[in-house]
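Here is how the chains run, residue by residue.
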Amino acid sequence: MIDSIMQYQFLQNAFASGIIIGFIAPLLGVFIVVRRLSLISDALSHVTLAGIAGSLYLSQSVAALSMLNPLYLGIAASVTGSLFIERLRRVYKHYEELAIPIIMSAGLGFSAIFISLAEGFSSDLFSYLFGSVSAVSRQDLWIVVCIAIIVIVFLTVFFKELFVLSFDEEYARASGLPAKWIHILFMIVTALVIAGSMRIVGILLVSSLMTLPVAAAMRIAKSFKHAIIFSVVFGELAVIIGLVSAFYLDLAPGGTIVITSIIILLLTILVKKVSVKGVLST
């Protein structure tokens, strides 16, 4: 496996992108789960699909756009969707959760239209849906690197503010924190991570990498920092094992990464139950 990675550039791109995504997705996912916003990642992934499908349709219809990387329009759609979700949450102040199915429905609707206009699924679109080891280009890798830098800078600068907002939003607002703008930035960063992860995990499965490692970490973590550490570790394990399995078994990496994450989650639940029984028996 190591020899193949050293020999083929597409494997270098896939594994480098995967390792970076395995770090930033669960890292951001901890805040998403704690703030009970897990379904937002699903909504934004469907909006991203609309952007990808639209880009593939435009590349077929407009010769000048034939070389356009679909990732760019996917990122633009995801960021736009995140801003609309935040806007709708303020429109429906007492029913904020309505914003998520509204945007998700819009994303699926536009996706269906663009896929129909593009005359159905293509191999490119399938790789975006479920990920592909061979489809990650060097340009995609650099985009993921840039997104990772943005995420790390954002979390470094606003870690304390996000921590307070995650556990007590009312206190954060009362203490004078710019909660509205921090939340908007958080949504934009989340949109970037979702769009950047789709080449490896796939649009339809990317939310799993942001939530499953966190769900596993929360079973055994004893503090918020421990939850972050375990989430990143489980995310990296899922990505590495998933990519290796996908390479040898010729499967879509999104599926193998998600199934590995589920296995890790089940193991942590089992370990937790065994440890609790051990304590009770003593």
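To start, this report covers the structure provided alongside it. (Residues numbered from 1 in each chain as written. Predicted model: local features only at pLDDT ≥ 70, side-chain atom pairs only at ≥ 80, totals over all residues. Heavy atoms only, no water.)

### Concerning the nonpolar core
Ile-75, Ile-85, Ile-147, Leu-155, Phe-186, Val-193 and Ile-200 are the most contacted members of the largest nonpolar core, which totals 81 residues. For this core, the leading source of residues is helix α2 (residues 9-34), giving 13 residues. Residues within four places of Ile-147 in sequence aside, it is in contact with Ile-24, Ile-75, Leu-192, Val-193 and Gly-196. (Core = buried A, V, L, I, M, F, W, Y, C linked by side-chain atoms within 4.5 Å. Buried < 20%, exposed > 50% of the residue type's maximum accessible area, 1.4 Å probe, protein only. Helix = DSSP H or I, 4+ residues; strand = E, 2+ residues; numbered from the N terminus. Contact = heavy atoms within 4.5 Å.)

### Remarks on the packing of helix α3 (residues 38-61) against helix α9 (residues 179-197)
Running from N to C, α3 and α9 point in directions that differ by 60°, and their axes come no closer than 10 Å. Compared by their axis directions, α3 and α9 come out oblique. Here α3 and α9 pass one another in a crossing that is right-handed. Between α3 and α9, the residues in contact are Ile-40, Ser-41, Leu-44, Ser-45 and Thr-48 and Met-187, Thr-190, Ala-191, Ile-194 and Ala-195, respectively. (Axes fitted to C-alpha atoms, helices over the stretch in contact; angles between N-to-C directions. Parallel < 35°, antiparallel > 145°, perpendicular 65-115°, else oblique. Left-handed = near helix turned anticlockwise from the far one by under 90°.)

### Describing unusual backbone geometry
One non-glycine residue, Arg-36, lies in the positive phi region at around 60°. Among the residues examined, Arg-36 registers a relative accessible area of 74% and is labelled exposed. Its identity as a non-glycine residue notwithstanding, Asp-250 has a phi of 55°, on the positive side. By the element assignment, Asp-250 lies in the loop between α11 (224-249) and α12 (253-281). Since its relative accessible area comes to 70%, Asp-250 is described here as exposed.

### Quick word on a nonpolar patch on the surface
Taken together, the side chains of Ile-259, Ile-262, Ile-263, Leu-266, Leu-267, Leu-270 and Val-274 define a hydrophobic patch exposed on the protein surface, amounting to about 640 Å² of accessible area. Locating Ile-259 in the fold gives a position in helix α12. (Patch = residues over 30% accessible without salt bridge, like charges linked within 9 Å, V, L, I, M, F, W, Y side chains within 5 Å. Areas by Shrake-Rupley, 256 points an atom, 1.4 Å probe, with all protein chains shown as cover. Salt bridge = Lys/Arg side-chain N within 4 Å of Asp/Glu carboxyl O.)

### What about the pattern of salt bridges?
Here the structure, examined in full by the defined rule, presents one salt bridge. Among the ionic pairs, Arg-90 bridges to Glu-86, the shortest N-O distance being 2.9 Å. Residue Arg-90 and its partner Glu-86 are both found in helix α4 (residues 70-91); the two are separated by four residues, about one turn of the helix. We classify Glu-86 as buried; its relative accessible area is 6%.

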